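Structural overview
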Amino acid sequence: MKRNCILIVLLSLCVLAYPQAGDGTFKLLDLPSSARVAAMGGTNVAMHDDDVNFSAMNPALLSEKTHNMLSFNYSNYFYDINFGSVLYGRNFGDKNYTAFGAHYLDYGKFLETSETNELLGSFTAKDIMLSASYARLLHPRWTIGLSFKPMISIYERYQTYGFSFDVGVGYADTKHNFYAGLAFRNVGMSVANYRSLDGQQSIDMLPWNIELALVKGFKHAPIRISMTAHNWQRWNLGYTDDTVATKEKSINKAASFFDMLFRHTIFNLEILPTKNIYLLVSYNHRRQMEMNVNDYKTAAGLSFGAGIKVYKFHIDAGFAQYQVGRFSFHATFTTYLSEFGVK
(Lines give C-alpha, C1' and ligand atoms only; values in the text may rest on other atoms or scores of the structure.)
Protein backbone atom coordinates (compact mmCIF):
# COMPACT_ATOMS: atom_id res chain seq x y z
CA MET A 1 0.00 0.00 0.00
CA LYS A 2 2.91 2.36 0.75
CA ARG A 3 4.39 1.75 -2.71
CA ASN A 4 1.02 2.47 -4.33
CA CYS A 5 0.68 5.77 -2.48
CA ILE A 6 4.16 6.80 -3.63
CA LEU A 7 3.15 6.00 -7.23
CA ILE A 8 0.07 8.24 -6.94
CA VAL A 9 2.15 11.13 -5.57
CA LEU A 10 4.78 10.80 -8.32
CA LEU A 11 2.16 10.80 -11.06
CA SER A 12 0.51 13.87 -9.54
CA LEU A 13 3.84 15.72 -9.33
CA CYS A 14 4.57 14.91 -12.97
CA VAL A 15 1.32 16.51 -14.00
CA LEU A 16 1.78 19.55 -11.76
CA ALA A 17 5.24 20.10 -13.22
CA TYR A 18 3.67 20.55 -16.64
CA PRO A 19 3.48 24.18 -17.83
CA GLN A 20 0.14 25.89 -17.34
CA ALA A 21 -1.89 26.14 -20.51
CA GLY A 22 -3.57 29.04 -22.18
CA ASP A 23 -6.91 28.93 -23.93
CA GLY A 24 -5.55 26.35 -26.36
CA THR A 25 -7.40 24.38 -29.01
CA PHE A 26 -9.58 21.26 -29.18
CA LYS A 27 -12.60 22.55 -27.26
CA LEU A 28 -14.05 19.05 -27.69
CA LEU A 29 -12.13 18.22 -24.50
CA ASP A 30 -14.34 20.56 -22.46
CA LEU A 31 -17.69 19.10 -23.59
CA PRO A 32 -19.66 16.69 -21.32
CA SER A 33 -19.22 13.03 -22.15
CA SER A 34 -22.88 12.06 -21.68
CA ALA A 35 -26.37 13.33 -20.88
CA ARG A 36 -25.86 12.54 -17.21
CA VAL A 37 -22.58 14.44 -17.06
CA ALA A 38 -24.23 17.40 -18.82
CA ALA A 39 -27.01 17.34 -16.22
CA MET A 40 -24.32 17.46 -13.53
CA GLY A 41 -23.14 20.84 -14.75
CA GLY A 42 -20.58 19.53 -17.24
CA THR A 43 -18.29 17.36 -15.14
CA ASN A 44 -17.99 15.03 -12.15
CA VAL A 45 -14.80 13.14 -11.31
CA ALA A 46 -16.10 11.18 -8.29
CA MET A 47 -19.32 9.43 -9.38
CA HIS A 48 -18.24 5.82 -8.88
CA ASP A 49 -21.28 4.24 -10.55
CA ASP A 50 -22.20 1.75 -13.28
CA ASP A 51 -21.61 4.27 -16.08
CA VAL A 52 -18.63 3.98 -18.42
CA ASN A 53 -19.09 7.60 -19.55
CA PHE A 54 -17.62 8.94 -16.31
CA SER A 55 -14.26 7.49 -17.34
CA ALA A 56 -14.02 10.36 -19.86
CA MET A 57 -13.94 12.70 -16.86
CA ASN A 58 -11.73 10.56 -14.62
CA PRO A 59 -10.29 7.20 -15.80
CA ALA A 60 -10.15 6.03 -12.17
CA LEU A 61 -13.97 5.79 -12.22
CA LEU A 62 -13.79 2.57 -14.22
CA SER A 63 -14.79 -0.44 -12.13
CA GLU A 64 -16.04 -4.00 -12.27
CA LYS A 65 -19.47 -2.56 -13.14
CA THR A 66 -18.28 -1.02 -16.43
CA HIS A 67 -17.23 -4.36 -17.95
CA ASN A 68 -18.85 -5.03 -21.33
CA MET A 69 -20.75 -1.73 -21.20
CA LEU A 70 -21.43 0.06 -24.47
CA SER A 71 -22.70 3.64 -24.56
CA PHE A 72 -23.78 6.05 -27.34
CA ASN A 73 -24.02 9.80 -26.73
CA TYR A 74 -25.41 12.66 -28.81
CA SER A 75 -26.10 16.37 -28.32
CA ASN A 76 -27.43 19.18 -30.50
CA TYR A 77 -25.04 21.82 -29.18
CA PHE A 78 -25.93 24.96 -31.16
CA TYR A 79 -28.03 25.19 -34.31
CA ASP A 80 -26.42 22.65 -36.71
CA ILE A 81 -23.42 22.06 -34.42
CA ASN A 82 -23.53 18.55 -32.94
CA PHE A 83 -21.24 16.37 -30.89
CA GLY A 84 -21.30 12.83 -29.60
CA SER A 85 -19.30 9.77 -28.63
CA VAL A 86 -19.29 6.02 -28.26
CA LEU A 87 -17.53 4.29 -25.35
CA TYR A 88 -16.95 0.66 -24.50
CA GLY A 89 -15.63 -0.79 -21.24
CA ARG A 90 -13.68 -4.03 -20.99
CA ASN A 91 -12.08 -5.55 -17.89
CA PHE A 92 -9.15 -7.94 -17.66
CA GLY A 93 -9.17 -9.85 -14.42
CA ASP A 94 -10.49 -8.47 -11.14
CA LYS A 95 -8.29 -5.38 -10.92
CA ASN A 96 -7.62 -4.15 -14.45
CA TYR A 97 -10.26 -2.01 -16.14
CA THR A 98 -10.13 -0.42 -19.60
CA ALA A 99 -12.36 1.71 -21.80
CA PHE A 100 -12.10 2.78 -25.41
CA GLY A 101 -13.95 5.58 -27.12
CA ALA A 102 -14.41 7.76 -30.19
CA HIS A 103 -15.62 11.35 -29.90
CA TYR A 104 -16.56 13.98 -32.48
CA LEU A 105 -17.63 17.62 -32.74
CA ASP A 106 -19.24 18.60 -36.05
CA TYR A 107 -19.57 22.33 -36.75
CA GLY A 108 -21.81 21.77 -39.76
CA LYS A 109 -21.52 22.99 -43.36
CA PHE A 110 -20.23 26.38 -44.48
CA LEU A 111 -20.47 28.17 -47.83
CA GLU A 112 -17.16 28.82 -49.58
CA THR A 113 -17.05 32.07 -51.54
CA SER A 114 -14.45 34.17 -53.35
CA GLU A 115 -13.46 37.77 -52.58
CA THR A 116 -16.16 38.85 -55.03
CA ASN A 117 -18.82 36.77 -53.25
CA GLU A 118 -18.83 34.11 -55.94
CA LEU A 119 -20.11 30.79 -54.60
CA LEU A 120 -17.37 28.17 -54.93
CA GLY A 121 -18.96 25.33 -52.97
CA SER A 122 -19.11 24.28 -49.33
CA PHE A 123 -16.84 22.84 -46.66
CA THR A 124 -17.09 21.31 -43.19
CA ALA A 125 -15.24 21.65 -39.88
CA LYS A 126 -14.80 18.77 -37.43
CA ASP A 127 -12.90 17.75 -34.31
CA ILE A 128 -12.28 14.01 -33.85
CA MET A 129 -10.76 12.33 -30.80
CA LEU A 130 -10.01 8.75 -29.78
CA SER A 131 -9.57 7.69 -26.17
CA ALA A 132 -8.01 4.73 -24.38
CA SER A 133 -8.31 4.51 -20.60
CA TYR A 134 -6.82 2.13 -18.06
CA ALA A 135 -7.58 1.85 -14.35
CA ARG A 136 -6.07 -0.34 -11.67
CA LEU A 137 -7.70 -1.29 -8.38
CA LEU A 138 -5.06 -0.64 -5.72
CA HIS A 139 -7.24 -1.29 -2.69
CA PRO A 140 -10.94 -2.18 -2.20
CA ARG A 141 -11.57 1.58 -1.90
CA TRP A 142 -8.83 3.10 -4.08
CA THR A 143 -8.45 3.14 -7.87
CA ILE A 144 -5.94 4.96 -10.07
CA GLY A 145 -6.37 5.59 -13.78
CA LEU A 146 -4.75 7.01 -16.90
CA SER A 147 -6.24 8.04 -20.26
CA PHE A 148 -4.57 8.83 -23.58
CA LYS A 149 -6.46 10.93 -26.15
CA PRO A 150 -5.08 11.57 -29.65
CA MET A 151 -7.02 14.25 -31.59
CA ILE A 152 -7.34 15.88 -34.99
CA SER A 153 -9.14 19.03 -36.12
CA ILE A 154 -10.09 19.36 -39.80
CA TYR A 155 -11.34 22.82 -40.79
CA GLU A 156 -11.78 22.93 -44.56
CA ARG A 157 -8.25 22.24 -45.93
CA TYR A 158 -6.51 23.07 -42.64
CA GLN A 159 -5.61 20.45 -40.07
CA THR A 160 -3.99 20.25 -36.67
CA TYR A 161 -3.09 17.27 -34.48
CA GLY A 162 -2.70 16.88 -30.76
CA PHE A 163 -2.82 14.58 -27.78
CA SER A 164 -3.67 14.77 -24.11
CA PHE A 165 -3.52 12.69 -20.95
CA ASP A 166 -5.84 12.37 -17.97
CA VAL A 167 -4.56 11.10 -14.63
CA GLY A 168 -7.03 10.37 -11.86
CA VAL A 169 -7.59 8.81 -8.44
CA GLY A 170 -10.90 7.52 -7.17
CA TYR A 171 -12.09 6.61 -3.67
CA ALA A 172 -15.27 4.57 -3.08
CA ASP A 173 -16.74 3.77 0.34
CA THR A 174 -19.89 1.93 -0.72
CA LYS A 175 -20.80 1.04 2.85
CA HIS A 176 -21.26 4.70 3.77
CA ASN A 177 -22.26 5.90 0.28
CA PHE A 178 -19.30 8.24 0.06
CA TYR A 179 -17.16 8.77 -3.04
CA ALA A 180 -14.31 11.11 -3.94
CA GLY A 181 -12.19 11.74 -6.99
CA LEU A 182 -9.22 13.81 -8.07
CA ALA A 183 -8.31 14.25 -11.74
CA PHE A 184 -5.72 16.15 -13.75
CA ARG A 185 -7.47 16.48 -17.11
CA ASN A 186 -6.42 17.40 -20.64
CA VAL A 187 -2.68 17.64 -20.05
CA GLY A 188 -1.27 17.83 -23.56
CA MET A 189 -0.52 19.90 -26.64
CA SER A 190 -1.17 20.35 -30.33
CA VAL A 191 1.87 19.04 -32.24
CA ALA A 192 1.01 20.44 -35.69
CA ASN A 193 -0.91 23.68 -35.77
CA TYR A 194 -2.88 25.64 -38.36
CA ARG A 195 -0.39 28.50 -38.32
CA SER A 196 3.39 28.62 -38.43
CA LEU A 197 6.09 30.91 -37.08
CA ASP A 198 8.94 31.63 -39.52
CA GLY A 199 7.97 28.53 -41.45
CA GLN A 200 8.00 26.34 -38.33
CA GLN A 201 4.91 24.73 -36.81
CA SER A 202 3.93 26.32 -33.50
CA ILE A 203 2.90 24.29 -30.46
CA ASP A 204 -0.13 25.20 -28.35
CA MET A 205 -0.64 23.85 -24.87
CA LEU A 206 -4.13 22.53 -24.11
CA PRO A 207 -6.29 24.06 -21.35
CA TRP A 208 -5.60 21.51 -18.63
CA ASN A 209 -7.78 21.31 -15.56
CA ILE A 210 -7.46 20.11 -11.94
CA GLU A 211 -10.75 18.81 -10.55
CA LEU A 212 -11.78 17.46 -7.15
CA ALA A 213 -15.24 16.07 -6.43
CA LEU A 214 -17.15 14.62 -3.46
CA VAL A 215 -20.35 12.54 -3.59
CA LYS A 216 -22.50 11.56 -0.61
CA GLY A 217 -25.55 9.31 -0.54
CA PHE A 218 -27.90 8.74 2.40
CA LYS A 219 -29.04 5.40 3.76
CA HIS A 220 -32.57 6.48 4.71
CA ALA A 221 -33.23 9.04 1.99
CA PRO A 222 -33.36 8.48 -1.80
CA ILE A 223 -31.06 11.37 -2.60
CA ARG A 224 -27.40 11.89 -3.42
CA ILE A 225 -25.54 15.21 -3.31
CA SER A 226 -22.21 16.11 -4.83
CA MET A 227 -19.83 19.00 -5.30
CA THR A 228 -17.14 19.41 -7.94
CA ALA A 229 -14.29 21.91 -7.60
CA HIS A 230 -12.72 22.59 -10.99
CA ASN A 231 -9.95 24.68 -12.60
CA TRP A 232 -7.86 24.93 -9.45
CA GLN A 233 -4.73 25.49 -11.55
CA ARG A 234 -6.07 29.00 -12.33
CA TRP A 235 -7.78 31.27 -9.80
CA ASN A 236 -9.23 33.97 -12.06
CA LEU A 237 -12.00 32.48 -14.19
CA GLY A 238 -13.29 35.85 -15.39
CA TYR A 239 -12.91 37.16 -18.91
CA THR A 240 -10.80 40.09 -17.66
CA ASP A 241 -8.37 40.44 -14.79
CA ASP A 242 -9.90 43.29 -12.76
CA THR A 243 -7.28 45.26 -10.86
CA VAL A 244 -8.35 46.95 -7.64
CA ALA A 245 -7.46 50.57 -8.42
CA THR A 246 -10.18 52.61 -6.75
CA LYS A 247 -11.70 52.89 -3.29
CA GLU A 248 -15.05 51.63 -4.63
CA LYS A 249 -13.40 48.50 -6.04
CA SER A 250 -11.58 47.95 -2.75
CA ILE A 251 -14.91 47.90 -0.90
CA ASN A 252 -16.21 45.20 -3.26
CA LYS A 253 -13.02 43.13 -3.10
CA ALA A 254 -14.46 40.64 -0.57
CA ALA A 255 -17.57 40.05 -2.69
CA SER A 256 -15.41 39.48 -5.76
CA PHE A 257 -13.37 36.90 -3.87
CA PHE A 258 -16.42 34.79 -2.95
CA ASP A 259 -17.88 35.18 -6.42
CA MET A 260 -14.66 33.83 -7.92
CA LEU A 261 -14.52 31.06 -5.32
CA PHE A 262 -17.96 29.78 -6.30
CA ARG A 263 -17.06 30.00 -9.99
CA HIS A 264 -14.83 27.01 -9.24
CA THR A 265 -17.69 24.88 -7.87
CA ILE A 266 -20.62 22.91 -9.25
CA PHE A 267 -23.36 21.54 -6.98
CA ASN A 268 -25.59 18.54 -7.79
CA LEU A 269 -28.72 17.02 -6.29
CA GLU A 270 -29.72 13.56 -7.50
CA ILE A 271 -33.07 11.98 -6.58
CA LEU A 272 -33.28 8.17 -6.75
CA PRO A 273 -36.94 7.13 -6.30
CA THR A 274 -36.17 3.57 -7.52
CA LYS A 275 -33.14 1.56 -8.51
CA ASN A 276 -33.79 2.15 -12.22
CA ILE A 277 -34.78 5.85 -12.20
CA TYR A 278 -32.95 9.04 -11.30
CA LEU A 279 -33.66 12.78 -11.50
CA LEU A 280 -30.90 15.39 -11.53
CA VAL A 281 -30.53 19.13 -11.04
CA SER A 282 -27.26 21.07 -10.79
CA TYR A 283 -25.98 24.61 -10.46
CA ASN A 284 -22.82 25.88 -12.18
CA HIS A 285 -22.07 29.36 -10.83
CA ARG A 286 -19.40 30.16 -13.41
CA ARG A 287 -21.80 29.46 -16.25
CA GLN A 288 -24.49 31.56 -14.61
CA MET A 289 -22.18 34.57 -14.20
CA GLU A 290 -20.79 34.32 -17.73
CA MET A 291 -24.29 34.29 -19.25
CA ASN A 292 -25.85 36.81 -16.89
CA VAL A 293 -27.64 39.52 -18.91
CA ASN A 294 -29.03 42.67 -17.33
CA ASP A 295 -32.84 42.99 -17.40
CA TYR A 296 -33.21 39.46 -18.77
CA LYS A 297 -34.29 36.46 -16.72
CA THR A 298 -32.36 33.34 -17.56
CA ALA A 299 -31.89 29.81 -16.21
CA ALA A 300 -28.21 29.87 -17.09
CA GLY A 301 -26.18 27.84 -14.64
CA LEU A 302 -28.95 25.32 -14.04
CA SER A 303 -28.87 21.89 -15.67
CA PHE A 304 -31.45 19.12 -15.51
CA GLY A 305 -31.51 15.44 -16.31
CA ALA A 306 -33.31 12.14 -15.88
CA GLY A 307 -32.61 8.50 -16.55
CA ILE A 308 -34.54 5.26 -16.69
CA LYS A 309 -33.82 1.62 -17.44
CA VAL A 310 -36.10 0.18 -20.10
CA TYR A 311 -35.72 -3.52 -20.88
CA LYS A 312 -31.96 -3.94 -21.54
CA PHE A 313 -31.15 -0.27 -22.04
CA HIS A 314 -30.39 2.72 -19.84
CA ILE A 315 -31.80 5.89 -21.41
CA ASP A 316 -30.58 9.27 -20.17
CA ALA A 317 -31.65 12.80 -21.10
CA GLY A 318 -29.90 16.02 -20.10
CA PHE A 319 -30.68 19.70 -20.58
CA ALA A 320 -28.06 22.41 -20.15
CA GLN A 321 -27.85 26.04 -21.22
CA TYR A 322 -24.72 27.13 -23.13
CA GLN A 323 -26.44 30.08 -24.81
CA VAL A 324 -28.71 32.64 -23.16
CA GLY A 325 -32.36 31.67 -23.62
CA ARG A 326 -31.74 28.27 -25.20
CA PHE A 327 -31.27 24.79 -23.68
CA SER A 328 -29.23 22.15 -25.47
CA PHE A 329 -30.43 18.55 -25.41
CA HIS A 330 -28.22 15.56 -24.61
CA ALA A 331 -29.18 11.90 -25.08
CA THR A 332 -27.40 8.72 -23.97
CA PHE A 333 -28.19 5.06 -24.68
CA THR A 334 -26.27 2.46 -22.70
CA THR A 335 -26.43 -1.31 -22.50
CA TYR A 336 -24.42 -4.30 -21.36
CA LEU A 337 -23.32 -6.53 -24.24
CA SER A 338 -23.62 -9.45 -21.85
CA GLU A 339 -27.40 -8.95 -22.19
CA PHE A 340 -26.95 -10.07 -25.80
CA GLY A 341 -24.70 -13.03 -25.13
CA VAL A 342 -21.29 -11.30 -25.36
CA LYS A 343 -19.09 -12.28 -22.44
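Up top is the structure.
A short tour of the structure in this document, coming up. Computed from a predicted model, the values in this text were never measured in an experiment.

**Points about the overall build of the protein chain**
The helix and strand inventory of the protein chain stands at 5 helices and 17 strands. When burial is assessed residue by residue, the protein chain has 46% of its 343 residues classed as buried. Look at the contacts in the protein chain between residues 6 or more apart in sequence, and 55% of them connect residues 24 or more apart. Put simply, the protein chain shows about 18100 Å² of open surface, and 63% of that area lies on carbon and sulfur atoms.

**What about the side chain of E211?**
Looking at the secondary structure, you find E211 in strand β11 (residues 209–218). A distance of 2.9 Å separates a polar atom in the side chain of E211 from a polar atom in the side chain of N209. Beyond its immediate stretch of four places on either side in the chain, E211 contacts T43, V45, G181, L182, A183, R185, T228, A229 and H230.

**Considering the pairing of strand β13 (residues 265–274)**
Bridge count for strand β12 (residues 221–229) against β13 is 7 bridges, and the pairing is antiparallel. Note that in β13 the partner of I223 across the bridge is I271. Examined bridge by bridge, β13 and strand β14 (residues 277–284) share 7 bridges and lie antiparallel to one another. Across the sheet, residue I271 finds its bridge partner in β14, namely L279. Turn length for the β13-β14 hairpin, with the two strands adjacent in sequence and antiparallel, is 2 residues.

**Comments concerning the nonpolar core**
Core analysis: the biggest nonpolar cluster contains 17 residues, and M40, V45, M47, F54, M57, V215 and L280 have the highest contact counts within it. At the level of elements, α2 (35–39), β7 (178–192), β11 and β14 are the ones that each hand at least two residues to this core. Excluding residues that lie within four positions of it along the chain, L280 makes contacts with R36, A39, M40, L269, E270, S303, F304 and G305. By size, the runner-up hydrophobic cluster in this structure holds 15 residues, among which are L28, A38, L105 and A320.

**What to know about the side chain of N73**
With respect to the helices and strands, N73 occurs in strand β1 (residues 69–78). The buried category is assigned to N73, whose relative accessible area is 9%. Of note is the side chain of N73, whose polar atom sits 2.8 Å from the side chain of N53. Looking at N73, its side chain comes within polar contact range of the side chain of T332, at 2.6 Å. For N73, the contacting residues outside a window of four places in its chain are S33, S34, A35, N53, F83, G84, S85, L87, A331 and T332.

**Observations concerning the environment of A38**
The topology assignment puts A38 in helix α2. A38 gets classed as buried once you look at its relative accessible area, which sits at 0%. Each C-alpha atom of the pair A38 and A320 lies 6.4 Å from the other, and the pair is 282 residues apart in sequence. With residues near it in sequence (within four places) discarded, A38 still touches P32, S303, A320, Y322 and H330.

**A few points about the pairing of β11**
In the sheet, β7 pairs with β11 via 8 bridges, with the strands oriented antiparallel. When the bridges of β11 are listed, Y179 appears paired with V215. Relative to β12, β11 runs antiparallel, the two being bridged by 7 bridges. Residue pairing in the sheet places L212 in a bridge with A229 of β12. Counting the residues that bridge the hairpin from β11 to β12 gives 2 residues.

Rules of the game
- Residues numbered from 1 in each chain as written.
- Predicted model: local features only at pLDDT ≥ 70, side-chain atom pairs only at ≥ 80, totals over all residues.
- Heavy atoms only, no water.
- Helix = DSSP H or I, 4+ residues; strand = E, 2+ residues; numbered from the N terminus.
- Buried < 20%, exposed > 50% of the residue type's maximum accessible area, 1.4 Å probe, protein only.
- Contact = heavy atoms within 4.5 Å.
- Areas by Shrake-Rupley, 256 points an atom, 1.4 Å probe, with all protein chains shown as cover.
- Polar contact = N/O pair within 3.5 Å; in protein donor to acceptor, adjacent residues only side chain to side chain.
- Pairing = 2+ DSSP bridges.
- Core = buried A, V, L, I, M, F, W, Y, C linked by side-chain atoms within 4.5 Å.

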